[in-house]
Protein chains: 2
Amino acid sequence: MRKRATAKEVGEAAGVSKWTVIRAFKPGASITDEAKRKIMEAAEKLNYSPNLLARSLSTNVTHQVAVLVDDFANPQKLPFLESLTERLQAAGLVAMLININNHFDHVHALLNADQRLVDAIILLGTAFRDETLNDRRLGPGMPPMFVLARDSQIEGVPAVVCDSEVGLRDIVDHLYERGYRRPGFMTGASALSTALKRRHHFAEFWRQKGVEHIVDISAERYSREDGGASAREYLKKTSPEDRVDVLMCENDILAIGAMETIRSEFGVSVPEDIAVVGFDNYELGATPAFGLTTYEQPCREMVDLIVEMVTGKREGETISLPGKLVVRSST
Amino acid sequence: MRKRATAKEVGEAAGVSKWTVIRAFKPGASITDEAKRKIMEAAEKLNYSPNLLARSLSTNVTHQVAVLVDDFANPQKLPFLESLTERLQAAGLVAMLININNHFDHVHALLNADQRLVDAIILLGTAFRDETLNDRRLGPGMPPMFVLARDSQIEGVPAVVCDSEVGLRDIVDHLYERGYRRPGFMTGASALSTALKRRHHFAEFWRQKGVEHIVDISAERYSREDGGASAREYLKKTSPEDRVDVLMCENDILAIGAMETIRSEFGVSVPEDIAVVGFDNYELGATPAFGLTTYEQPCREMVDLIVEMVTGKREGETISLPGKLVVRSST
DNA sequence: AGCGATTTTGCACCCGGGTGCAAGATGTTT
DNA sequence: AAACATCTTGCACCCGGGTGCAAAATCGCT
């Protein structure tokens, strides 16, 4: 059982050598129609298909791409994974999904991917530190790496990101126009460059409008509970008249957690007392219960670009794409 | 660039043959400490690690498992993917994530996985038809297959599922006890066996309690919009006094969609006028805005079992695990 | 028919590592 | 020191397919 036919066997069945069989499966190779027909017939009978492993060994191309994910708690990962696998498959590639966690760190994952000779490595919004890549175990021969939906300052590792500068300008413009003047910003894991960048632009655009002070609130992780917990802590220690009038959260999950806590535990209404803004346009944010104003990352375009880079159709250079402000009832 | 050191090269650097190098990397092989030390030193210097592709070619074991997913719209996939990748990795395996869609069907995916010589194929809650497996292109030599979070009637293809019989009995008991007597059931893609089974048990348990009539509502797909749309259609054509008093939805996404439409468009209150029940215990259902009563699938246990089957630690035989009723404010 | 041009096919040897066996090295016993 | 047991190492050949080249077959033309 579990015995695959080989080119040699097909050749014997069709009365040709194994090399001719291999040619029959190589588009554009020189072969007679007659021979090809016989071979295909025999191949079908024997249920033959080329062994991709063996092929990869000699061609040095595996058509496999490692996708590293370390934040499955973020539901935004799902649409990214969906688009990414779809596009990769359309390009003849397949994704090896690698879960980075406490038992399997980035260096492990990179070495593993390298050992499996993947054609490329995509870091999907992972929170890895740039120093990770300087690990001495990581030789110079690693497969090319790309970062998706997160910044990369690393030399030679291009990224495709949603332009947080444009995004936050749009958001701040919108909030200013709506009359909000006392902004707060909730970060998740604040040490990450993406977080810092968003925070930075948020503050910068408010400053340009004459608002100097930003209230900082930080959640432990990117989860609904943590968003709620940090909002709770803030509201507890701040009297109603001192509170922010709009709370920008680093992503939709934090925003939903915060919004729910604000409403249900403090009787504060959204957006009348405090407006809430998220980031990502997570599907459920659109539901009437939330009506979350947010900023949509151009997921499909981002994925298209990264796949073009991976397949070499496009030069590997960091690209920022503008997203789209989605205004709903929370502001 | 992108040149990996080979065992032969390491051997030359360490003054031994390539076979000795290979042994140095094979646990339990016979080799002197001295030789091993020299080899490891040379290996580190040359940044050598065994080429897993080449190894797989001769051992016929790839340590790769294909995971087929065709329903990325269901957020429940994310925790399953997370646990699954984590467990597989802990067992030394890696997941190839294959997206089944209009451009890449099940047969394609299976053939692709086979060509890549994966050790096993896991169908993650996919809506494939049993006939798919009878496709003539699928030979008898396919890798072993397992179904996760969905039923399998297929001979030789074991499944790990959440026991819908126990689950629905718990749900119906709970609803009956709360005093509901006019139940409705909302299915997604109703042709699927999982859906039919849940529907069947739901009706059966009500019958045992003397309630014969179940109102059937069906949504096109498993999405919030479709759940909302089918609830809308139902409420439109049914006068308040004729309506169900509890609506059981096949999963949480449908339930949330239905609940939101019921509340916001018809001013019907949940649970006073109509109670709503979901299935899966999707994380956001816990938020105060929804407070969705639901049934939690034992995700981690299910994944543990399927990984044990994949690794051969457990016999491949369909297993049903009981889940856990989670009562919240929607009932 | 005969010659050269072109296409098709077979072959030796490669990709990087794994296996079983036998030769070589080391160690133990008398 | 010889004889034997044991451990370590090298080797031939395997896994399944890919490459470049040369032999063989086919084609076109005079």
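Residues numbered from 1 in each chain as written. Chains lettered and ligands numbered in written order. Predicted model: local features only at pLDDT ≥ 70, side-chain atom pairs only at ≥ 80, totals over all residues. Heavy atoms only, no water.

1. Things to note about unusual backbone geometry
Residue and element names in this part refer to chain A. Along the chain, valine 270 connects to proline 271 via a cis peptide bond; the corresponding omega equals 5°. Tracing the sequence through the fold places proline 271 in the loop between helix H10 (252-266) and strand E9 (275-277). One non-glycine residue with positive phi stands out, namely alanine 149, at about 65°. Within the secondary structure, alanine 149 is located in the loop between strand E4 (145-148) and strand E5 (159-162). Its identity as a non-glycine residue notwithstanding, asparagine 281 has a phi of 55°, on the positive side. (Helix = DSSP H or I, 4+ residues; strand = E, 2+ residues; numbered from the N terminus.)

2. Topic: the interface of chain A and chain B
In this assembly, 59 residues from chain A lie in contact with 60 residues from chain B. When the two sides are added together, the surface that chain A and chain B hide from each other amounts to roughly 5400 Å², 54% of it contributed by carbon and sulfur. At the boundary of chain A with chain B, the tally comes to 4 salt bridges. For arginine 4 of chain B, the salt bridge identified is with aspartate 114 of chain A, shortest N-O distance 3.0 Å. Among the secondary structure elements, those contributing two or more residues to the side of chain A that touches chain B are helix H4 (52-59), helix H5 (77-90), strand E2 (94-99), helix H6 (106-115), helix H9 (224-237) and H10 of chain A. Looking at the side of chain A that touches chain B residue by residue, the class counts come to 27 nonpolar, 18 polar and 14 charged. (Contact = heavy atoms within 4.5 Å. Buried area = accessible area lost by both parts, 1.4 Å probe. Salt bridge = Lys/Arg side-chain N within 4 Å of Asp/Glu carboxyl O. Nonpolar A, V, L, I, M, F, W, Y, C, P; charged D, E, K, R; others polar.)

3. So, the relation of the copies chain A and chain B
Its rotation angle being 180°, the transformation that places chain A on chain B also includes 0.0 Å of axial translation and leaves an RMSD of 0.1 Å. Here the two chains are linked by the operation of a two-fold rotation axis. When C-alpha positions in chain A are compared against the rotation axis, the closest is assigned to methionine 96 of chain A, at 2.2 Å. Mapped onto chain B, 100% of the interface residues of chain A again fall at the interface, so both copies present the same surface. (Least-squares fit on C-alpha atoms with pLDDT ≥ 70 in both.)

4. Describing the domain arrangement of chain A
All names here are of chain A. According to the domain assignment, chain A consists of domain 1 (7-50), domain 2 (62-162 + 300-322) and domain 3 (164-298). The distance between the C-alpha centroids of domain 2 and domain 3 comes to 29 Å. Each partner contributes residues to the interface: domain 2 has 17 residues there, and domain 3 has 15 residues. Both faces combined, the contact of domain 2 with domain 3 buries some 1400 Å², and carbon together with sulfur accounts for 54% of it. One can count 1 salt bridge joining domain 2 with domain 3. Among the elements that line the side of domain 2 that touches domain 3, the one with the most residues is helix H11 (residues 299-310), at 3 residues. Tallied by class, residues from the side of domain 2 that touches domain 3 come to 9 nonpolar, 3 polar and 5 charged. (Domains from an automatic or database assignment.)

5. Concerning the protein's contact with DNA strand D
Taken together, 26 residues sit near DNA strand D, with Ile22 and Arg55 of chain A together with Ser17, Thr20 and Arg23 of chain B positioned nearest. Backbone atoms, meaning sugar and phosphate, make up 61% of the atoms of DNA strand D lying within 4 Å of the protein. At a separation of 3.1 Å, a phosphate oxygen of DNA strand D approaches a polar side-chain atom of tyrosine 48 of chain A. In the model, a base nitrogen of DNA strand D is placed 3.5 Å from a nitrogen or oxygen of the alanine 54 of chain A main chain. Counting only elements with at least two residues in the surface near DNA strand D, the list comes to helix H2 (18-24) and H4 of chain A together with helix H2 (18-24) and helix H4 (52-59) of chain B. Looking at the surface near DNA strand D residue by residue, the class counts come to 11 nonpolar, 9 polar and 6 charged. (Near = heavy atom within 4 Å. Polar contact = N/O pair within 3.5 Å; in protein donor to acceptor, adjacent residues only side chain to side chain.)

6. Topic: the protein's contact with DNA strand C
Neighbouring residues of DNA strand C: 26 residues in total, closest Ser17, Thr20 and Arg23 of chain A together with Ile22 and Arg55 of chain B. Sugar and phosphate atoms represent 60% of those atoms of DNA strand C found within 4 Å of the protein. Between a phosphate oxygen of DNA strand C and a side-chain N or O atom of threonine 32 of chain A, the distance comes to 2.7 Å. The contact in question runs from a phosphate oxygen of DNA strand C to an N or O atom on the side chain of arginine 55 of chain B, over 2.5 Å. Elements that contribute at least two residues to the surface near DNA strand C include exactly H2 and H4 of chain A together with H2 and H4 of chain B.

7. Notes on the sheet that holds strand E7 (residues 215-218) of chain B
Residues and elements named next belong to chain B. Taken in spatial order, the 4 strands of this open sheet run E7-E6-E8-E9, and their pairing is parallel. Edge positions in the open sheet fall to E7 and strand E9 (275-277), since each of these has one partner strand only. On average, adjacent strands in this sheet sit at an angle of 20° to one another, irrespective of strand direction. Two elements, strand E8 (residues 246-249) and E9, share 3 bridges in a ladder whose sense is parallel. The residue bridging methionine 248 from the neighbouring strand is valine 277, located in E9. On top of the sheet, helix H9 (residues 224-237) reaches strand E6 (183-187) and E7; it is set at about 135° to E7, its chief contact. (Pairing = 2+ DSSP bridges. Axes fitted to C-alpha atoms, helices over the stretch in contact; angles between N-to-C directions.)

8. Focus on the sheet that holds strand E6 (residues 183-187) of chain A
All names here are of chain A. Pairing in this open sheet of 4 strands is parallel, and the strands run E7-E6-E8-E9 from one edge to the other. Only two strands of the sheet have a single partner each, and these edge strands are strand E7 (215-218) and E9. Averaged over neighbouring strand pairs, the angle between their axes works out to 20° when direction is ignored. Where E6 and strand E8 (residues 246-249) come together, 4 bridges link them in parallel fashion. Within E8, the position partnered with proline 183 by the bridge is valine 246. On top of the sheet, H9 reaches E6 and E7; it is set at about 135° to E7, its chief contact.

9. Quick word on the packing of aromatic side chains
Tallied over the full model, the rule gives 11 aromatic pairs over all chains. Taken together, a centroid distance of 5.1 Å and an interplanar angle of 45° make the contact between phenylalanine 185 of chain A and phenylalanine 202 of chain A tilted. Separated by 17 residues along the polypeptide, phenylalanine 185 of chain A in strand E6 and phenylalanine 202 of chain A in helix H8 (residues 193-208) bring together distant segments of the chain. Across the pair, exposure class does not vary: phenylalanine 185 of chain A and phenylalanine 202 of chain A are buried alike. A ring pair is formed by phenylalanine 279 of chain B and tyrosine 295 of chain B, whose centres lie 5.3 Å apart and whose planes are at 35°; its orientation type is tilted. In this pair, phenylalanine 279 of chain B is assigned in the loop between E9 and strand E10 (294-296) and tyrosine 295 of chain B in strand E10, connecting sequence segments 16 residues apart. Residue phenylalanine 279 of chain B is classed as buried on the basis of its relative accessible area, which comes to 1%. For tyrosine 295 of chain B, a relative accessible area of 0% translates into the label buried. What links up through ring pairs into an aromatic cluster is the set Tyr176, Phe185, Phe202 and Trp206 of chain A. (Phe/Tyr/Trp six-rings, centres within 6.5 Å; stacked < 30°, edge-to-face > 60°. Buried < 20%, exposed > 50% of the residue type's maximum accessible area, 1.4 Å probe, protein only.)

10. Some thoughts on the environment of arginine 300 of chain A
Residue and element names in this part refer to chain A. Relative to the helices and strands, arginine 300 resides in helix H11. Not counting residues within four places of it along the chain, the set of residues in contact with arginine 300 comprises Ser83, Glu86 and Arg87. Only 3.1 Å separates the side chain of arginine 300 from the side chain of glutamate 86, close enough to count as a polar contact.

11. Looking at the pattern of salt bridges
One pass over the full model with this rule turns up 32 salt bridges over all chains. Across the pair glutamate 9 of chain B and lysine 3 of chain B runs a salt bridge whose closest N-O atoms are separated by 3.7 Å. What you see here is one network of salt bridges that share partners, running through Glu34, Arg37 and Glu41 of chain A.

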